[in-house]
Amino acid sequence: MIGRKQLIIEDAWCKGCGICVAFCPKQALELRDGKVHLKDDGQCITCGLCEMRCPDYAIYLVNMEE
Amino acid sequence: MPSELIHRYMRIDHLPQIWCPGCGNGTIMRDVAAAIQELIDDPEKDINRDNIVIVSGIGCSSRAAGYLDFNSIHTTHGRAIAFATGIKFANPKLNVIVLTGDGDCSAIGGNHLIHAARRNMGLTVIAFNNNIYGMTGGQYSPTTPDGDVATTAPFGNVDRPFDIANLASGAGASFSARGDVYHVRETIDIIKEAIQHKGFSLVDVYSVCPTYYGRKNHKGSAVDMLRWQKENLIPTARYYSMPEEERAGKKLIGILSYNDYPEYTEEYAKLVKAYRKKK
């Protein structure tokens, strides 16, 4: 994880549409069992594009300073 | 615990929302919340949460009034703009935002749309345009492209589609724009402009309906439909820098028409004042 932001996934709200996975510029996400997961390869740059396009508000960044 | 934006502006006890996986409506509803948040948080803008009213009609899109945590009213089919007109007239200080669908605003409520545009009533109308009647089972709507299939057009739709942004502009809307669900940042900025515009503003936001429109017309998954938007809907700056021949078949995302006609409730108040003086 880079920077002071952290990616949070709200499992129960994810409907597995795959939009965040497809448009992640670093291919840092994957679908497993119909839910989105962050891959373990440390590719996430916390750009927030997943949060902007998720129609279900199931993936988002939080500021760790708070 | 959802993100701060969702926590602040949505009724989280009603979430997750009921829309299908990949439905663009959730993204548009977030765009509206994000646009409002940015306006409220900007000390230079005079937008106050208590002055915002969300009005919706009937259809998939119109459930948004139930999820957004503002003064909100979920009205009858096609009549959202009519209710909104009444609210604006009763208290012209309010920022009245209508969330409606392509069928709700251009078929059942088509007359309300064109006359509110003609009068330049100070409303902001956000049309969640998914090219189909989703809630009732995939019947073709006024924005279903000709040749496309729907449950009521199993051999292809013969009707020519409306372009809602151009329809509103033709009817006299003083602000008409187009957004989509792929270009999120651009669409939020367009919605912000629309909310701040004094007269009638309409934003035709192209949604995606993978369940009824996409599946019936072999458009692929929600991801494929968003890729289509990425390639065929072009933000303003890039659109105008493209050579003419490359623009063929592509549509502009941005503000399509704009003018500063006087706003209706202000003109009406002037009339009342002038008449009272004479008496």
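Cut-offs used in this document
Once a new chain begins, its residue numbering starts again from 1 and follows that chain's sequence as written. Chain A is the first chain written and ligand 1 is the first ligand written, with later ones labelled in order. Local features in a predicted model are, by the rule used here, given only for residues with pLDDT of at least 70; side-chain atom pairs are given and counted only at 80 or more, and totals for whole chains, interfaces and linings are based on all residues. Each side-chain value is worked out from all heavy atoms of the structure, with water and hydrogens disregarded. Secondary structure elements are defined from DSSP: runs of H or I of at least 4 residues count as helices, runs of E of at least 2 residues count as strands, and each element is numbered from the N terminus. The size measure is the radius of gyration over C-alpha atoms, and the globule rule it meets is 2.2 Å times the number of residues to the 0.38 power. Working rule for contacts: check all heavy atoms of both residues, and any pair within 4.5 Å makes them a contact. We get accessible surface area from the Shrake-Rupley algorithm with a probe of 1.4 Å; when it comes to residues, only the shown protein chains can shield them. In this tally, Asp and Glu contribute negative charge and Lys and Arg positive charge; neither His nor the terminal groups of the chain are included. By convention, the point assigned to a charge is CZ for Arg, NZ for Lys, CD for Glu and CG for Asp. Axis lines are fitted through C-alpha atoms, for helices just across the contact stretch, and the angle between N-to-C directions can take any value from 0 to 180 degrees. Handedness of a crossing is defined here by the sense of rotation of the near helix relative to the far one, left-handed for an anticlockwise turn of less than a right angle and right-handed for a clockwise turn. Polar here means any residue outside two lists: the nonpolar Ala, Val, Leu, Ile, Met, Phe, Trp, Tyr, Cys and Pro, and the charged Asp, Glu, Lys and Arg; Gly therefore counts as polar. Any carboxyl oxygen of Asp or Glu within 4 Å of a side-chain nitrogen of Lys or Arg constitutes a salt bridge here. Relative accessibility under 20% of the residue-type maximum defines a buried residue, over 50% an exposed one, and the middle range a partly exposed one, all with a 1.4 Å probe and only protein chains included. Buried area is a sum: the accessible area each of two parts loses on coming together, probed at 1.4 Å, counted once for each and added. By the criterion applied in these results, polar contacts are pairs of N or O atoms within 3.5 Å in which, for protein atoms, one can donate a hydrogen and the other can accept it, and in which residues neighboring in sequence qualify only through two side-chain atoms. Here the angle decides the label: under 35 degrees means roughly parallel, over 145 means roughly antiparallel, 65 to 115 means roughly perpendicular, and every other value means oblique. Nonpolar cores were defined as sets of buried Ala, Val, Leu, Ile, Met, Phe, Trp, Tyr and Cys residues, with membership established by side-chain atoms within 4.5 Å. Each residue after the first adds 1.5 Å to the expected span of a helix.

## Describing the overall build of chain A
Helices and strands together make up the secondary structure of chain A, namely two helices and four strands. Put simply, chain A runs from its N terminus to its C terminus through helices and strands in the order β-α-β-β-α-β. In terms of C-alpha radius of gyration, chain A reaches 11 Å, essentially the compact-globule figure of 11 Å for 66 residues. Taking the principal axes of the C-alpha coordinates as reference, chain A spans close to 30 × 25 × 15 Å. If you take every contact in chain A between residues at least 6 apart in sequence, the share linking residues at least 24 apart comes to 55%. Accessible area for chain A stands at about 3500 Å²; split by element, carbon and sulfur atoms hold 48% of it. Seen as two clouds, the 8 positive and the 10 negative side-chain charges of chain A have centres 6 Å apart.

## Regarding the packing of helix H4 (residues 80–90) of chain B against helix H6 (residues 110–119) of chain B
A packed helix pair is summarised by two numbers, namely the angle formed by the two axes and the spacing between the axes. All names here are of chain B. Close contact between H4 and H6 brings their axes to 8 Å; oriented N to C, the two are set at 35 degrees. Judged by the twist between their axes, the crossing of H4 over H6 is left-handed. Between H4 and H6, the residues in contact are Ile-81, Ala-82 and Thr-85 and His-112, Leu-113, Ala-116 and Arg-119, respectively. Here the contact of H4 with H6 is built from residues that sort into four nonpolar, two polar and one charged.

## What about the pattern of salt bridges?
Side chains that differ in sign of charge can pair as their charged atoms come close. Residue and element names in this part refer to chain B. The tally for this structure, following the rule as stated, stands at 16 salt bridges over all chains. Arg-11 serves as the salt-bridge partner of Asp-69, at 3.6 Å between the closest nitrogen and oxygen. Within this pair, whereas Asp-69 is found in the loop between helix H3 (64–67) and strand S2 (71–74), its partner Arg-11 is found in the loop between helix H1 (4–9) and helix H2 (25–41), the two being separated by 58 residues in sequence. Residue class for Asp-69 comes out partly exposed when judged on its relative accessible area of 32%. Owing to a relative accessible area of 21%, Arg-11 belongs among the partly exposed residues under this scheme. For Arg-49, the salt bridge is made with Asp-69, and the minimal N-O distance between the two is 3.8 Å. Note that Arg-49 is positioned in the loop between H2 and strand S1 (52–56) and Asp-69 in the loop between H3 and S2, a separation of 20 residues in sequence. By relative accessible area, Arg-49 is classed as partly exposed at 28%. Three or more residues joined by partner-sharing salt bridges are found here, namely Glu-38, Arg-185, Asp-189 and Lys-192.

## Points about the interface of chain B and chain A
The interface is formed by 27 residues belonging to chain B together with 16 residues belonging to chain A. Across the interface of chain B and chain A, roughly 2000 Å² is buried in total on both sides, 63% from carbon and sulfur atoms. Where chain B packs against chain A, one counts one salt bridge. One salt bridge connects Arg-30 of chain B with Glu-51 of chain A, and the closest N-O pair in it is separated by 3.4 Å. On the surface where chain B and chain A come into contact, there are seven residue pairs in polar contact (both at pLDDT 80 or more). Counting residues per element, the ones that place at least two in the side of chain B that touches chain A are H2, helix H8 (184–196) and helix H10 (222–232) of chain B. In terms of residue class, the side of chain B that touches chain A is built from 19 nonpolar, five polar and three charged.

## Some points on the packing of H2 of chain B against H8 of chain B
All names here are of chain B. Running from N to C, H2 and H8 cross one another at 55 degrees; their axes reach a closest spacing of 9 Å. Here H2 lies oblique to H8, going by the angle between them. Along this stretch, H2 crosses H8, giving a crossing that reads as right-handed. For the pair formed by H2 and H8, the contact residues are Thr-27, Asp-31, Val-32, Ala-34, Ala-35, Ile-36, Glu-38 and Leu-39 on the first element and Val-184, Arg-185, Thr-187, Ile-188, Ile-191, Lys-192, Ile-195 and Gln-196 on the second. Looking at the contact of H2 with H8 residue by residue, the class counts come to nine nonpolar, three polar and four charged.

## Regarding the nonpolar core
Residue and element names in this part refer to chain B. Among the nonpolar cores identified, the biggest contains 70 residues, and Ile-54, Leu-68, Leu-99 and Ile-126 are the most heavily contacted of them. Sort the elements by how many residues they give to this core and H2 lands first, with eight residues. Not counting chain neighbours up to four residues away, the residues in contact with Ile-54 comprise Ile-36, Ala-65, Leu-68, Phe-70, Asn-71, Ser-72, Ile-73, Ile-97 and Leu-99. Ala-127, Ala-168, Ala-173 and Phe-200 belong to the second-largest nonpolar core, a separate cluster that totals 23 residues.

## Here's the deal with H2 of chain B
What sets the pattern is the α-helix's 3.6 residues per turn: residues three or four places apart point alike. If you check H2 of chain B, its first and last C-alpha atoms are 24 Å apart, about what 17 residues at 1.5 Å a residue would give, namely 24 Å. Most of H2 of chain B is tucked away, with 14 of its 17 residues classed as buried.

## Things to note about the environment of Val-53 of chain B
Residue and element names in this part refer to chain B. The residue Val-53 is located in strand S1 in this model. What makes Val-53 buried here is its relative accessible area of 8%. With 20 residues separating them along the chain, Val-53 and Ile-73 place their C-alpha atoms 7.8 Å apart. Setting aside residues no more than four positions away along its own chain, Val-53 makes contact with Asn-71, Ile-87, Leu-94, Asn-95, Val-96 and Ile-97.

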